[in-house]
Amino acid sequence: MFYTIPTKGGLGIELWGTYDDLNILNGVISRFSNNEQLKPVPGSKNRDKIISGLAYEIRHALQGSRLIRESALFTGEAVPQFGCEISWPHMLFSLVVLRYNAHFVTAGKLELGIFLMLEHWLQKSMEEYDQQGATLLAPFLEGAIHAANPCLYQYMRSVNMEYFLLGGGKESFRKLPRLLKRTQYPGSAYDNYMEFLSNEAARLHCDASELEFEEENSLYEIEW
């Protein structure tokens, strides 16, 4: 069984499991990305970028190029464990996309069970890190993020970037709900950011859902 724990610096979670655990998880996630059943759904390509990023980290964990420990955290059993680090915003948005896509791609008991496990461990990690912050974030685990947003990827990237700029720690964790306010629709923060994206897209002669970020890599080179 995979599990998560909060990172020491409070920027997100460490996602852990045996090779088989993460391989199954990756297979389930991949089924809800770039699926033929999703192509007619507006905004699906944009949302795919979010869970593709999660799948990318899991694949690298499976290759042994992220985190490794020689035994299970809770039992001490001598079974190699593979892991990766995922920020709170990225994990929250990934869950939102997986749940949304499950409306269009038939989900079996295994897939639904995996989604519930991801939600369980994310909530548990949040509460373990900081109960006050976890309480403030609860609405965003329960549907406050507007999943049908055609620019959901851009909203996630902006929230994630601004969260890393806060530098981690419990104080930053408690400010994350404020950043996530822009994901709630209807809402002035949502409208303001969509207007910003639309203006940038007009300037660059592209669609707002195609915009990318050019932040410095050093932004993410901090203690997780």
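Residues numbered from 1 in each chain as written. Predicted model: local features only at pLDDT ≥ 70, side-chain atom pairs only at ≥ 80, totals over all residues. Heavy atoms only, no water.

Caption draft 1: Focus on the packing of helix α4 (residues 109-129) against helix α5 (residues 131-141). Interhelical geometry of α4 versus α5 gives an angle of 150 degrees and a closest axis separation of 7 Å. What the angle tells us is that α4 and α5 run roughly antiparallel. α5 is crossed by α4, and the crossing has right-handed handedness. Between α4 and α5, the residues in contact are E119, L122, Q123, M126, E127 and Y129 and Q131, A134, L137 and L141, respectively. (Axes fitted to C-alpha atoms, helices over the stretch in contact; angles between N-to-C directions. Helix = DSSP H or I, 4+ residues; strand = E, 2+ residues; numbered from the N terminus. Parallel < 35°, antiparallel > 145°, perpendicular 65-115°, else oblique. Left-handed = near helix turned anticlockwise from the far one by under 90°. Contact = heavy atoms within 4.5 Å.)

Caption draft 2: Spatial organisation of the layout of surface pockets. Counted as a void, the largest pocket has a volume near 420 Å³. In terms of lining residues, the largest pocket is bounded by 18 residues, among which E57, E85, H90, N160 and W224 are the most central. Mapped onto the lining of the largest pocket, the elements with two or more residues apiece are α2 (44-62), β4 (81-87) and α6 (152-165). When its residues are assigned to classes, the lining of the largest pocket shows eight nonpolar, four polar and six charged. Forming the boundary of the second largest pocket are Y193, F196, L197, E200, R203, L204, L211, E212, F213 and E214. Of the residues that constitute the lining of the second largest pocket, the class distribution is six nonpolar, no polar and four charged. (1 Å grid on protein atoms, 1.4 Å probe; cavity = no way out; pocket = protein on both sides within 12 Å on 5 of 7 lines; lining within 4 Å. Points joined across faces, edges and corners; volume = space filled by probe spheres on them. Nonpolar A, V, L, I, M, F, W, Y, C, P; charged D, E, K, R; others polar.)

Caption draft 3: Molecular detail of the nonpolar core. Of all hydrophobic cores here, the largest spans 70 residues; its most connected members are L22, L25, I58, W88, L122, M126 and L180. Considering every element that reaches this core, the biggest residue donor is helix α3 (residues 88-101), with nine residues. With residues up to four places along the chain from it excluded, the contact list for I58 reads L15, L22, L25, N26, I29 and C84. (Core = buried A, V, L, I, M, F, W, Y, C linked by side-chain atoms within 4.5 Å. Buried < 20%, exposed > 50% of the residue type's maximum accessible area, 1.4 Å probe, protein only.)

Caption draft 4: Representation of unusual backbone geometry within the structure. With an omega of 0 degrees, the peptide bond between Y185 and P186 qualifies as cis. With respect to the helices and strands, the residue P186 is situated in the loop between α7 (170-180) and α8 (188-204). Of note in this structure, N34 is not a glycine but carries a positive phi near 55 degrees. For N34, the location among the structural elements is in the loop between α1 (19-31) and α2.

Caption draft 5: Local environment of the sheet that holds strand β2 (residues 12-17). A sheet is described by the order of its strands in space; here four strands give the open sequence β1-β2-β4-β3, paired in antiparallel fashion. Taken across any chain shown, the strands that pair with only one partner, and hence form the sheet edges, are β1 (3-6) and β3 (67-69). Averaged over all pairs of adjacent strands, the angle between strand axes in this sheet comes to 30 degrees, irrespective of strand direction. Relative to β4, β3 runs antiparallel, the two being bridged by three bridges. In the sheet register, R69 faces β4, and the bridge partner there is Q81. In the packing of α2 onto the sheet, contacts are made with β2 and β4, and the angle to β4 comes to roughly 155 degrees. (Pairing = 2+ DSSP bridges.)

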